[in-house]
Amino acid sequence: MTSISSPDPPEPLPVRMLNEFVYCPRLFYYEHVEGVFQHNADTKRGAALHKRVDAGKGELPAAAAQPGNEGSQISNLKSEVPAAEPPEPEVIHSRSVSLSSDRLGVTAKMDLVEVRREREDDLLSPLVVCPVDYKIGAPREGDNGPEIWDADRMQLGLQCLILRDNGYTCNEGIIYYRATKQRVALAITPELEHWIDAQIAGARRAMEGPIPPPLVDSPKCVRCSLVTICLPDETRLLRDAPVRPDDEDTIPQQRTFGFDREFGAVHEPQGVYATGAAKKPGPMRRLIAARDDTRPLYIATAGVSVGKKSELVQVREKGEVVAEVRMSDLSHVAVFGAATISTALLQTLCEKDIPVSYFSSGGFFYGLTRGQSLKNVFTRITQFRAAADAKESLRIARLCVHGKIRNQRTLLMRNHISAPGLALARMKHAAQAALEAGEIGELLGIEGAAALVYFENFAGMIKLGENASPDDEAFLADAGGGEERVPASAAASPRRGKTDADGQQFFTFDFTRRNRRPPRDAVNALLSLGYSLLARDCTVAAHAVGFDPYVGFYHQPRFGRPALALDLMEEFRPLIAESVVLTAINTRVIGPRDFVRAGEAVNLSADGRKRFFNAYEQRLNATIVHPVFDYQVSYRRALELQARLLAKALTGEIEQYVPFMTR
């Protein structure tokens with residue numbers, strides 16, 4: 001005899017999640033389906049205000065309690081809950097009550113449940129309960145006075161229905177709004193029950209389908225803790241919006257778009273997600289902070305040890321504390337060479353999700369330590385699926401290489417003394433050819449040919465050397481830290497292998513070709529270090545979004561190589577790393593005496609590295625007008641934005657990845 005087992009019941013949904021579904025289906029999907037959550041000021045404040053009610057034991061008299069057993073639980077309402085009207089004389093208060101309903105398939109943790117007898121003069125009369133939920137905001141102003149918001153109505157109504165399903169008599173619930181100190185009642189009606197059932201069904205459908213579309217110009221987005229992950233306005237702007245490059249051969253200006261845009265119709269939310277009449281998207285809002293207030297900590301001195309004391313990071317040299325930094329001020333920690341970092345500090349940094357990156361003394365990026373605050377696997381699943389699809393990988397790789405070549409060409413047009421027309425034409429042709437490459441091998445050849453043209457003309461963007469001014473001569477003397485003046489012409493001449501009177505080897509900024517592993521001249525040493533720092537920051541951005549940084553689309557997997565981070569950094573190489581190198585040389589931040597040679601390799605000195613790190617961080621924190629969204633962001637923020645746009649392209653939220661291209 002064959003037995004047929006019944007299907008497993010659906011997983012119970014927390015009432016808080018259903019409240020968020022009514023507030024925003026997209027927020028519900030992120031938090032309940034993908035498990036993504038971030039705190040902001042509002043969520044932290046709400047958690048702090050709930051500490052008192054969450055401290056309750058959750059004891060609730062049985063629905064059919066025997067008379068005389070609840071006398072010890074009687075208390076006066078006035079001392080417990082602020083009330084707009086005089087309370088009933090005897091009320092039982094149960095805090096932090098957890099109940100569930102098998103019929104609805106939901107669970108709830110209630111802030112407060114007021115319990116009283118239906119008839120005060122009859123100890124055998126049934127218990128009547130009323131859930132009270134606390135909110136930090138204010139009620140909605142309606143035509144007939146204060147009203148409960150829809151999301152709060154969902155949460156409170158479900159609490160009432162759950163109490164009913166557990167045998168209690170519950171006719172209404174109350175929301176206490178702290179901002180106005182008002183108690184607003186919600187009556188349980190058949191219409192409300194039908195509406196709640198529809199929302200539960202809609203939430204379960206949302207869990208099975210693709211992520212719901214973002215809200216349209218909603219004021220809710222402004223204070224949402226997940227707005228930097230959701231990117232509602234940005235996602236709607238790029239949905240079904242094909243882009244085409246702008247091929248004008250004019251000298252570009254700052255704060256202009258890198259390409260023309262042709263936007264098609266934007267789809268409005270349909271079905272369960274529609275919340276009213278369709279809206280047309282308004283102008284782009286900047287819902288994210290332009291830059292992060294935290295700063296990195298670079299440990300670049302050999303032999304120092306890094307530990308913790310309470311909430312401070314302490315740097316010690318020969319047992320003496322030489323620096324202290326508050327952990328709340330840190331964005332990441334970078335350790336170069338033979339420095340040590342304590343296990344206790346690493347554990348705390350992981351808990352706070354502050355990454356720690358490791359480099360060789362010469363600047364080679366080894367790896368990264370990071371906490372596990374982001375446990376979402378859905379992004380990685382789509383990433384692995386796309387990486388295994390040669391056609392999809394090629395589609396993304398084309399755009400990465402196209403963006404890189406376009407930005408290299410732009411940098412030449414901006415900074416070259418006399419931008420060669422033939423080189424610009426060849427790079428323009430290469431950028432277009434990259435979009436039409438038939439395989440990764442062909443794309444590698446196109447990128448290599450464009451890089452050869454680019455670096456052949458790179459020296460034209462270095463404004464020192466033969467054209468040095470008398471001011472440059474003074475700088476070259478000061479850069480070495482000694483009293484002897486070194487003529488600019490001597491410093492610029494190719495005297496590799498020779499030394500001055502102090503034993504300092506001469507280095508120059510004459511650049512002929514790109515070389516690495518190891519870099520064999522001063523400019524290549526700066527480029528290699530800049531690329532290492534940029535690879536680290538792209539790895540951090542990939543981790544923040546939920547990617548595996550070692551599985552790429554253009555750069556093929558190799559042991560120990562963050563392939564996806566290298567994909568992301570392609571379009572930012574000229575904008576960040578190479579721009580920092582040119583700025584550091586041309587503004588005399590780095591001088592010829594800031595380099596040392598070890599065998600064939602040329603590296604920056606300790607003092608030179610400190611100044612280069614500072615120049616690099618200044619570049620990352622500099623704000624620019626985003627070429628697509630037309631609001632100001634820092635380059636560091638732009639890195640994460642690009643990683644999130646790539647994730648949205650992989651999941652199908654936007655039609656294709658849009659590389660970051662300036663003019």
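This one's a predicted model, so the numbers in the text were calculated from it and none came from an experiment. (Residues numbered from 1 in each chain as written. Predicted model: local features only at pLDDT ≥ 70, side-chain atom pairs only at ≥ 80, totals over all residues. Heavy atoms only, no water.)

## Quick word on the overall build of the protein
Broken down by element type, the protein carries 20 helices and 23 strands. For the protein, with 663 residues in total, the buried portion stands at 51%. Counted over contacts in the protein with a minimum sequence separation of 6, partners at least 24 positions apart contribute 66%. When the accessible surface of the protein is summed, it comes to about 31400 Å², and 51% of that surface belongs to carbon and sulfur atoms. (Helix = DSSP H or I, 4+ residues; strand = E, 2+ residues; numbered from the N terminus. Buried < 20%, exposed > 50% of the residue type's maximum accessible area, 1.4 Å probe, protein only. Contact = heavy atoms within 4.5 Å. Areas by Shrake-Rupley, 256 points an atom, 1.4 Å probe, with all protein chains shown as cover.)

## As for the pairing of strand 19 (residues 365-369)
Where strand 18 (residues 356-359) lies against strand 19, 4 bridges are found, and the strand directions are antiparallel. Paired with Tyr358 across the bridge in strand 19 is Gly367. Remark: 5 residues form the turn of the hairpin made by strand 18 and strand 19, two consecutive strands paired antiparallel; Gly363 in that turn has positive phi of roughly 105°. (Pairing = 2+ DSSP bridges.)

## Describing unusual backbone geometry
The phi torsion at Leu231 lies on the positive side, around 50°, for a residue other than glycine. Mapped onto the elements, Leu231 comes out in the loop between helix 7 (227-230) and helix 8 (232-238). The backbone of Asp353 shows a phi angle near 60°, a positive value even though the residue is not glycine. The topology assignment puts Asp353 in the loop between helix 9 (343-351) and strand 18.

## A look at the pattern of salt bridges
Inspection of every chain in the model, using the stated rule, returns 23 salt bridges. In this structure, Asp150 and Arg140 form a salt bridge, with 3.8 Å as the shortest nitrogen-oxygen distance. Of this pair, Asp150 sits in helix 5 (residues 150-165) while Arg140 sits in strand 6 (residues 140-142), and the two are 10 residues apart along the sequence. On the accessibility criterion, Arg140 (26% relative accessible area) is partly exposed. The shortest N-O distance in the salt bridge between Asp537 and Arg636 comes to 3.6 Å. Separated by 99 residues along the polypeptide, Asp537 in helix 16 (residues 522-545) and Arg636 in helix 20 (residues 635-650) bring together distant segments of the chain. Salt bridges here are not isolated pairs; linked through shared partners, they connect Arg140, Glu147, Asp150 and Arg153. (Salt bridge = Lys/Arg side-chain N within 4 Å of Asp/Glu carboxyl O.)

## A look at the sheet that holds strand 18
The strand order across the open sheet formed by 4 strands is 12-16-18-19, and the pairing between neighbours is mixed. Either end of the sheet is taken by a strand with one partner, and the two such strands are strand 12 (295-299) and strand 19. Each adjacent strand pair in this sheet contributes to an overall mean axis angle of 20°, direction not counted. Across 4 bridges, strand 12 lies against strand 16 (residues 330-336) in parallel orientation. Counterpart to Leu297 in the pairing with strand 16 is Val333. Along the sheet, helix 16 contacts strand 12, strand 16, strand 18 and strand 19; its crossing angle with strand 19, the most-contacted strand, is approximately 25°. (Axes fitted to C-alpha atoms, helices over the stretch in contact; angles between N-to-C directions.)

## Re the packing of helix 2 (residues 25-33) against helix 6 (residues 190-208)
Relative placement of two packed helices is described by the angle separating their axes and the distance separating the axes. Two elements in contact, helix 2 and helix 6, have axes whose closest approach is 10 Å; the angle formed by their N-to-C orientations is 65°. Handedness of the helix 2/helix 6 crossing: right-handed. Across from Phe28, Tyr29, His32 and Val33 in helix 2, the residues of helix 6 making contact are Ala203, Ala206 and Met207. Taken together, the residues that form the contact of helix 2 with helix 6 break down as 6 nonpolar, 1 polar and no charged. (Left-handed = near helix turned anticlockwise from the far one by under 90°. Nonpolar A, V, L, I, M, F, W, Y, C, P; charged D, E, K, R; others polar.)

## Digging into a nonpolar patch on the surface
On the surface, Val377, Phe378 and Ile381 cluster together into a nonpolar patch covering about 230 Å² of accessible area. Inspection of the secondary structure puts Phe378 in helix 10 (residues 378-387). (Patch = residues over 30% accessible without salt bridge, like charges linked within 9 Å, V, L, I, M, F, W, Y side chains within 5 Å.)

## Details of the packing of aromatic side chains
For the coordinates displayed, the defined rule picks out 12 aromatic pairs. Relative to Tyr176, the ring of Tyr134 lies with its centre 5.9 Å away and its plane at 70°, an arrangement referred to as edge-to-face. One end of the pair, Tyr134, is in strand 5 (residues 127-135); the other, Tyr176, is in strand 8 (residues 172-177), and 42 residues separate them in sequence. Judged by relative accessible area, Tyr134 falls into the buried class, the value being 4%. (Phe/Tyr/Trp six-rings, centres within 6.5 Å; stacked < 30°, edge-to-face > 60°.)

## Digging into the sheet that holds strand 13 (residues 305-309)
Read across the sheet, 4 strands follow the order 15-14-13-17 without closing on themselves; strand pairing throughout is mixed. Pairing within the sheet leaves two strands with one partner each, and these edge strands are strand 15 (320-326) and strand 17 (340-341). Bridge analysis of strand 13 against strand 17 gives 2 bridges, and the strand direction is parallel. Within strand 17, the position partnered with Ser305 by the bridge is Thr340. Running at roughly 65° to strand 13, helix 9 makes contact with strand 13, strand 14 (312-317) and strand 17 of the sheet.

## Looking at helix 10
Taken as a whole, helix 10 has its buried residues at Thr379, Thr382, Gln383 and Ala386. Projected down its long axis, helix 10 carries its buried residues within an arc of 105°, all on one side. (Arc of directions from axis to C-beta.)

## Focus: the confidence of the model for the protein
Where the model shows low pLDDT, its predicted coordinates should not be examined in detail. When the pLDDT values of the protein are averaged, the result is 76; 76% of them are 70 or greater. Mean pLDDT across the elements of the protein ranges from a minimum in strand 11 (residues 259-261), with 30, to a maximum in helix 17 (residues 563-569), with 92. Across residues 1-6, confidence stays below pLDDT 50; counting only partners more than four residues off in sequence or on other chains, it has 0 contacts. Note on residues 243-281: pLDDT under 50 across the span, and 84 contacts to partners over four residues away in sequence or across chains. (pLDDT = per-residue confidence, 0-100.)

## Focus: the state of the cysteines
In total, this model carries 0 disulfides according to the counting rule given. The structure places no disulfide on Cys24, whose sulfur is separated from the nearest cysteine sulfur, that of Cys230, by 6.2 Å. Given a relative accessible area of 10%, Cys24 falls into the buried group. Unpaired in this structure, Cys130 has its nearest cysteine sulfur neighbour in Cys170, at a distance of 6.3 Å. (Disulfide = S-S within 2.5 Å.)

## Some thoughts on the environment of Pro574
Positionally, Pro574 belongs in helix 18 (residues 573-586). In sequence terms Pro574 and Arg409 are 165 residues apart; their C-alpha atoms lie 9.1 Å from each other. Apart from the residues within four sequence positions on either side, Pro574 is in contact with Lys404, Asn407, Gln408, Leu411, Tyr454 and Ser579.

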